[in-house]
Structures are given as structure tokens and as C-alpha cells.
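Topology and contacts: notes
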Amino acid sequence: MDLIRKLGDIDTRWLYVLLIIVVFIPMIRPIGLPINVGAQTEKAFTLLEGLKAGDTVVFDFGYYVDGAPDVEPIAVALFDHLFSKDVKIVCASFKNHGPMIIDSLTAPYAAEGKVYGTDYVSLGFLAGGETALAAWAADVKKAFPTDWKGNSTAAMPILQGIETASDFDMFVFFTDDSAEVWVRQIAQYKVPLIAGLVTVTAPQAEPFLQSGQLSGLLAGLRGAAEYEIVRQKPGIAAAGMDAQSMAHLLLILFIIFGNVSYFSKRKGDGGKGAKQ
């Protein structure tokens, strides 16, 4: 009991140090805590796994850097999956942080030998929000006559035969906003549409999934971790979930020990603290 009382008097700075350690270790060496894979993730995986080598998929980046922690792990997991299947990826963005994000995510694959303009391309940023998305979906090369690097899109091997959004084999968007914009502008082209959303906006997209306007949905860090697990290739998302779970467990222990220590002191004082 004396030990419990002493724990209650510990300098809170040590608690923060312990929290940092508990979070840091799983990020370096994932523990592999079990994660149940949801039906939404299974459905999205099945659709993406069904793509064949040479198919062309859009990755639309609709988030800013500050929204990256919850949605970018989904993009990382999907890049790894599709590039491993030799699927071609056309990247675009309607938020001005997009080109920087795309360059960062594609750089490792360029180093591994993926050919720009053939295996993947970054079309860059197109201003105008939903209006720009609608224009691009209606005429890809007219909206983006050149890519982010200034190359003509008309001459690119990856875009041969691509005129509108309906010519792609799949359309995937990652956003920290609502899914409504993409549903309104892309669902009409009858191409499988998959959403990568931050956790807080995912419930709002459920009706689109039930209506069939969305073909698949991956939600936040948890969705990315589930995707890595179903692929049997745990990565940064699974490590992040380990760190999150360990941090939650530690906080619960802090609360338990704090309360036990408090009531132990009250009992030892004979309830004097309460009377005062």
C-alpha cells in the first residue's frame, strides 16, 4: 500500500517520459497487436486486389498536410499494393498541398525503378475545387494539358486511351473533407469509386456506400492498419495502431493507480482531507 501511495506522489514529468517511451517503441518495432478487419476494409481490398497489371487507377489527393496523419497511411498502403501488382497510377490534386504530398509518396518507388510517365504520373494541382474536379473528369487532358513537371500529357504512355474519368479502371480519393464532392462528380462515370477518409468523416459516407455510389471505404489510421493486416504486410499504420493502443492502456493504468493512491491516502488520513 505504501508503494501505491508513493506512485501517487510521483513527479508527473516522469509520467510523460513513460508515455513517450510506450508510444515510441511500437513505432520502431511493431508489437503486432491483433486487429479485427472490418467488412468495409475487406470489400475495398477485394476490389483493389482484382485489378490486373496494366490497369490504370486514379489517386486523387484532397487533403492538406495537417490532415495527413489520419488519411495518408491509407495512401501509403494502397501505393504499395498497386505498385506490387504493376497497376499504373495517375495522381492529381485539387488542394495545393497535393503535388508535394504526391512527390513524397512516389519518391521511394521511383528509386526502385518505377518509370515516370509510364508507371505513374503526377498531374499536379488544379485550382477550382469541385468545378475543377468536374472539368477534369469530363476531359482529363484538357484540364491537365501538362503534368506537374511541365510534360505534355497528350504524349504520355500512361494516358494513352484516357479521355474522361470513365476510361480509368478505378478512382480512389483521399480526403480530410466529406466524400460528397467526389460522389457528385465521379459516381456518374460508372467507374469503381473508393474513398480514403479521416475517421471523423467516415460515418457521413456510409449512405453512399449502401447506395452503391461508393464501391469501397477505408477510414483513418485504423482502416489503413486493417488493410495492411488483410494483405499480411503490416507497416506504418499497424505500428501506429500499436502505439495508439499502448498509449491508451498506459493512460488507463495512470487513472487506476491515481484513484487507488488517492483513496488510499484518504483512508490513511482517516477521512480528514474530505472533512476539510
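The present account deals with the structure reproduced in this document.

**Here's the deal with unusual backbone geometry**
At Asp86, a position not held by glycine, the phi torsion is positive, near 60°. For Asp86, the position within the fold is in the loop between α4 (68-84) and β2 (88-93).

**A short note on the pairing of strand β6 (residues 216-219)**
By the alternation rule, side chains of β6 split into Gly216 and Leu218 and Leu217 and Ala219, which are all buried. Pairing of strand β5 (residues 193-197) with β6 involves 4 bridges; the strand directions are parallel. In the strand pairing of β6, Gly196 is matched with Leu218. Handedness of the crossover joining β5 and β6 through helix α9 (residues 202-211): right-handed.

**A few points about the side chain of Lys85**
Here Lys85 is to be found in the loop between α4 and β2. In this structure, Lys85 is buried with no salt-bridge partner, the nearest side chain bearing the opposite charge being Glu49 at 4.1 Å. Beyond its immediate sequence surroundings of up to four residues, Lys85 is in contact with Leu48, Glu49, Leu51, Lys52 and Ala53.

**Re the pattern of salt bridges**
This structure, assessed with the given rule, holds 9 salt bridges. Its salt-bridge partner being Lys95, residue Asp176 comes within 2.9 Å of it at the nearest N-O pair. With Asp176 in the loop between β4 (170-175) and α8 (180-186) and Lys95 in the loop between β2 and α5 (98-111), the pair connects residues that are 81 residues apart, well separated along the chain. What makes Lys95 buried here is its relative accessible area of 11%. What you see here is one network of salt bridges that share partners, running through Lys95, Asp176 and Asp177.

**Considering the packing of aromatic side chains**
Aromatic ring pairs are described here by two measures, namely the spacing of the ring centres and the angle between the planes. Across all of its chains, the model carries 17 aromatic pairs by this definition. Between Phe61 and Phe174, the ring centres sit 5.2 Å apart and the planes meet at 35°, which makes this aromatic pair tilted. Placement of the pair is Phe61 in strand β1 (residues 56-62) and Phe174 in strand β4, with a sequence separation of 113 residues. With relative accessibility at 0%, the residue Phe61 sits in the buried group.

**What to know about the sheet that holds β1**
The strand order across the open sheet built from 6 strands is β3-β2-β1-β4-β5-β6, with neighbouring strands paired in parallel fashion. Each edge of the sheet is formed by a strand with only one pairing partner; in this case those strands are β3 (120-125) and β6. Between one strand axis and the next, the sheet turns by 15° as a mean value, whatever way the strands run. Against the sheet, α9 touches β5 and β6, its axis set at about 170° to β6.

**Re the packing of helix α3 (residues 39-49) against helix α10 (residues 220-230)**
A packed helix pair is summarised by two numbers, namely the angle formed by the two axes and the spacing between the axes. Orientation of α3 relative to α10, taken along the N-to-C sense of each, is 55°, at an axis distance of 10 Å. Taken together, the axis directions place α3 and α10 in an arrangement best described as oblique. Crossing hand, α3 versus α10: right-handed. Facing α3, whose interface residues are Thr41, Glu42, Ala44, Phe45 and Leu48, α10 presents Gly223, Glu226, Tyr227 and Val230. Of the residues contributing to the contact of α3 with α10, the split by class is 5 nonpolar, 2 polar and 2 charged.

**Points about the pairing of β3**
Taken across its 6 residues, β3 has 5 buried, putting it largely inside the fold. In terms of strand pairing, β2 meets β3 through 4 bridges, oriented parallel. Paired with Val90 across the strands is Val121, a residue of β3. Read as a crossover between parallel neighbours, the route from β2 over α5 to β3 is right-handed.

**Section: the environment of Ile74**
Along the chain, the position of Ile74 falls in helix α4. With relative accessibility at 1%, the residue Ile74 sits in the buried group. Put simply, Ile74 and Glu228 are 154 residues apart on the chain and 9.1 Å apart in space, counted from C-alpha to C-alpha. Residues within four places of Ile74 in sequence aside, it is in contact with Phe174, Gly196, Leu197, Leu218, Ala219, Gly220 and Ala224.

**So, the nonpolar core**
By size, the foremost hydrophobic cluster in this structure holds 36 residues, and its most contacted members are Leu123, Trp136, Phe144, Phe171, Phe173, Ile186 and Leu214. No other element matches the 4 residues that helix α6 (residues 129-138) contributes to this core. Apart from residues no more than four positions distant in its own chain, Leu214 is found in contact with Phe173, Val183, Leu193, Ala195, Ala205, Phe208 and Leu209. Residues Phe45, Phe59, Ala77 and Phe174 belong to the second largest nonpolar core, which totals 33 residues.

Each value, and the rule that gives it
- Residues numbered from 1 in each chain as written.
- Predicted model: local features only at pLDDT ≥ 70, side-chain atom pairs only at ≥ 80, totals over all residues.
- Heavy atoms only, no water.
- Helix = DSSP H or I, 4+ residues; strand = E, 2+ residues; numbered from the N terminus.
- Buried < 20%, exposed > 50% of the residue type's maximum accessible area, 1.4 Å probe, protein only.
- Pairing = 2+ DSSP bridges.
- Right-handed = clockwise from strand over helix to strand, strands pointing away.
- Lys, Arg positive; Asp, Glu negative; His and termini not counted.
- Salt bridge = Lys/Arg side-chain N within 4 Å of Asp/Glu carboxyl O.
- Contact = heavy atoms within 4.5 Å.
- Phe/Tyr/Trp six-rings, centres within 6.5 Å; stacked < 30°, edge-to-face > 60°.
- Axes fitted to C-alpha atoms, helices over the stretch in contact; angles between N-to-C directions.
- Parallel < 35°, antiparallel > 145°, perpendicular 65-115°, else oblique.
- Left-handed = near helix turned anticlockwise from the far one by under 90°.
- Nonpolar A, V, L, I, M, F, W, Y, C, P; charged D, E, K, R; others polar.
- Core = buried A, V, L, I, M, F, W, Y, C linked by side-chain atoms within 4.5 Å.

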